[in-house]
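# Residue-level structure breakdown
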Amino acid sequence: MGGIDRISTLPDVLLCHILSYVPSKTAVATSVLSNRWRNIWHSVPAIDLDDSLYLHIGDYHPFANVAYALMLRLHATQPILTFRLKCQSSLSCFPWDLNLWIDTAIQHCVETMELSLPLTAKLPSTALTSTKLVSLTLRGLTVDNVRSVSLPALKFLHLIDEVRFTESRYLEMLLSGCPILEDLRIGQLEVWFSQPPFVTEFNLPNLVKADVMSVWIPIAKFYNVNFLSICVAEFPTTPECTFHNLIRMQLLVTRSCKWHLLVGLLKYCPKLQFLSVVVNATVTSTIASEFVYSSKLFIPQCVSMRLSECVLEGLWSSQDIQFASYVMLTARVLRRMVIRSASFLNIDTKFKMLRYLSLVSRSSTSCSLIFA
């Protein structure tokens, strides 16, 4: 049944915008639809290359040919707003190919770059010296031989899925070279370090959101954030700053949970509304610290006046239970309290814990207690 081809009647700029949301292989394929579509793909401001579409062939050449066709046919003034490159096979991204493709994207003022590459692939240095790059996402690959970093426009930096820095100072250089960074995410990096990466020599005054779960960074570096998710060996005795904007905080504790130090930390979080603490420890590796609730114990303002949701996971010791009780007894506006006991506890112990906590008085009459 025939019909009117309404899509082909759309202006070029709108067609290019639509094609920017599909893989580049699909965008190129539209050139055979009609004369109207023959050259539209040349002006699409996004390049999305994925070698998984070619791996079944057993030959990387078709993927490389498409990549070169896209990168080298660009008009000198044609911008690339988004550049995505995903290679599962090292045969799809030889160093000379990778350097040329990324260099070309940088020359065309790319704003968003996402690279998912094998660990054997090294990040070209030009990717770290772009004046236009706003968002950079790295998965896999290796960062090595970094001489300088200058990313004055970068606002989003996501390091995900085993990015390898051959030296910890390269990570420091990267963070130091992003003066207006607003969103930082660091996934699993520590497995690729020959030594613990103590990252300290940088300042991120514009940072709004930080999700750092693999490298040790002093918590004071995140003094300006609204959202903080961080892995800590233990809570600092004093954070050396006040987190004036912090609303949501998630903490993964890898050693014994010293709850009295957490109470001290909360003193410096006056606007905190959501608190999540995950205790990642076992009975054999954890030495419980003393925490005994009393009416004379200091109560941070955020706990008594602002805390609306609290999630505590991995609880097992009497001190853990005391802290959960402390929150319920002192948080006046708490609406939701979630308790998850440690997985290694037996059923009887879990039942006794939950029965005890269910009988604890709650300062907030609207608080729902959830055992998960």
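Residues numbered from 1 in each chain as written. Predicted model: local features only at pLDDT ≥ 70, side-chain atom pairs only at ≥ 80, totals over all residues. Heavy atoms only, no water.

### Thoughts on the overall build of the protein
Broken down by element type, the protein carries nine helices and 14 strands. Going through the 372 residues of the protein one by one, you find that 46% of them count as buried. As displayed, the protein offers around 18,400 Å² of accessible surface, 54% of which is attributable to carbon and sulfur atoms. (Helix = DSSP H or I, 4+ residues; strand = E, 2+ residues; numbered from the N terminus. Buried < 20%, exposed > 50% of the residue type's maximum accessible area, 1.4 Å probe, protein only. Areas by Shrake-Rupley, 256 points an atom, 1.4 Å probe, with all protein chains shown as cover.)

### Side note on the pattern of salt bridges
The tally for this structure, following the rule as stated, stands at six salt bridges. A salt bridge links Arg84 to Glu114, with the shortest nitrogen-to-oxygen separation between them at 3.6 Å. With Arg84 in strand 2 (residues 82-86) and Glu114 in strand 3 (residues 112-122), this pair connects stretches of sequence that are 30 residues apart. On the basis of relative accessible area, Arg84 is assigned to the partly exposed category, the value being 29%. We classify Glu114 as partly exposed; its relative accessible area is 25%. The salt bridge involving Lys122 is made with Asp144; its shortest N-O contact spans 3.3 Å. Residue Lys122 is found in strand 3, and its partner Asp144 is found in the loop between strand 4 (135-143) and strand 5 (156-160); the two are separated by 22 residues along the sequence. (Salt bridge = Lys/Arg side-chain N within 4 Å of Asp/Glu carboxyl O.)

### Some remarks on the pairing of strand 7 (residues 183-186)
Strand direction decides the pairing type here: strand 5 and strand 7, joined by four bridges, are parallel. The residue bridging His158 from the neighbouring strand is Arg185, located in strand 7. Here strand 7 runs beside strand 8 (residues 209-212); their pairing, made up of four bridges, is parallel. In the sheet register, Asp183 faces strand 8, and the bridge partner there is Lys209. (Pairing = 2+ DSSP bridges.)

### Overview of the packing of helix 6 (residues 259-266) against helix 8 (residues 318-330)
The contact between helix 6 and helix 8 brings their axes to 10 Å, and the two run at 30°. As judged from the angle between their axes, helix 6 and helix 8 are roughly parallel. On helix 8, the residues touching Trp259, Leu262 and Val263 of helix 6 are Gln319, Asp320, Phe323 and Tyr326. Of the residues assigned to the contact of helix 6 with helix 8, the class counts are five nonpolar, one polar and one charged. (Axes fitted to C-alpha atoms, helices over the stretch in contact; angles between N-to-C directions. Parallel < 35°, antiparallel > 145°, perpendicular 65-115°, else oblique. Contact = heavy atoms within 4.5 Å. Nonpolar A, V, L, I, M, F, W, Y, C, P; charged D, E, K, R; others polar.)

### A word on the packing of aromatic side chains
This structure, assessed with the given rule, holds six aromatic pairs. Ring geometry for Phe94 and Trp96: centres 5.0 Å apart, planes at 10°, overall stacked. Three or more aromatic residues joined by ring pairs form one cluster here, namely Phe63, Tyr68 and Trp101. Positioned above the aromatic ring of Phe202, the side-chain terminus of Lys221 is 5.2 Å from the ring centre. (Phe/Tyr/Trp six-rings, centres within 6.5 Å; stacked < 30°, edge-to-face > 60°. Lys NZ or Arg CZ within 6 Å of the ring centre and 35° of its normal.)

### Some thoughts on unusual backbone geometry
Trans is the common state for peptide bonds, and a negative phi is the common state for residues other than glycine. Its identity is not glycine, yet Leu141 carries a phi of approximately 60°, on the positive side. Although it is not a glycine, Asn145 adopts a positive phi angle of roughly 55°. Examined against the element boundaries, Asn145 turns out to sit in the loop between strand 4 and strand 5. The exposed category is assigned to Asn145, whose relative accessible area is 53%.

### Considerations on helix 3 (residues 61-72)
Spanning 12 residues, helix 3 covers 16 Å between terminal C-alpha atoms, matching the ideal 16 Å at 1.5 Å per step. Here helix 3 has its buried residues at Phe63, Ala64, Ala67, Leu70 and Met71. Taken end-on, helix 3 shows its buried residues confined to a sector of 130°, consistent with a single buried face. Helix 3 presents Asn65 and Leu72 as exposed residues on the side facing more than 90 degrees away from its buried surface. (Expected span 1.5 Å × (residues − 1). Arc of directions from axis to C-beta.)

### Quick look at the side chain of Ser116
Structurally, the position occupied by Ser116 is in strand 3. Taking the relative accessible area as the measure of exposure, Ser116 reaches 16% and is therefore buried.

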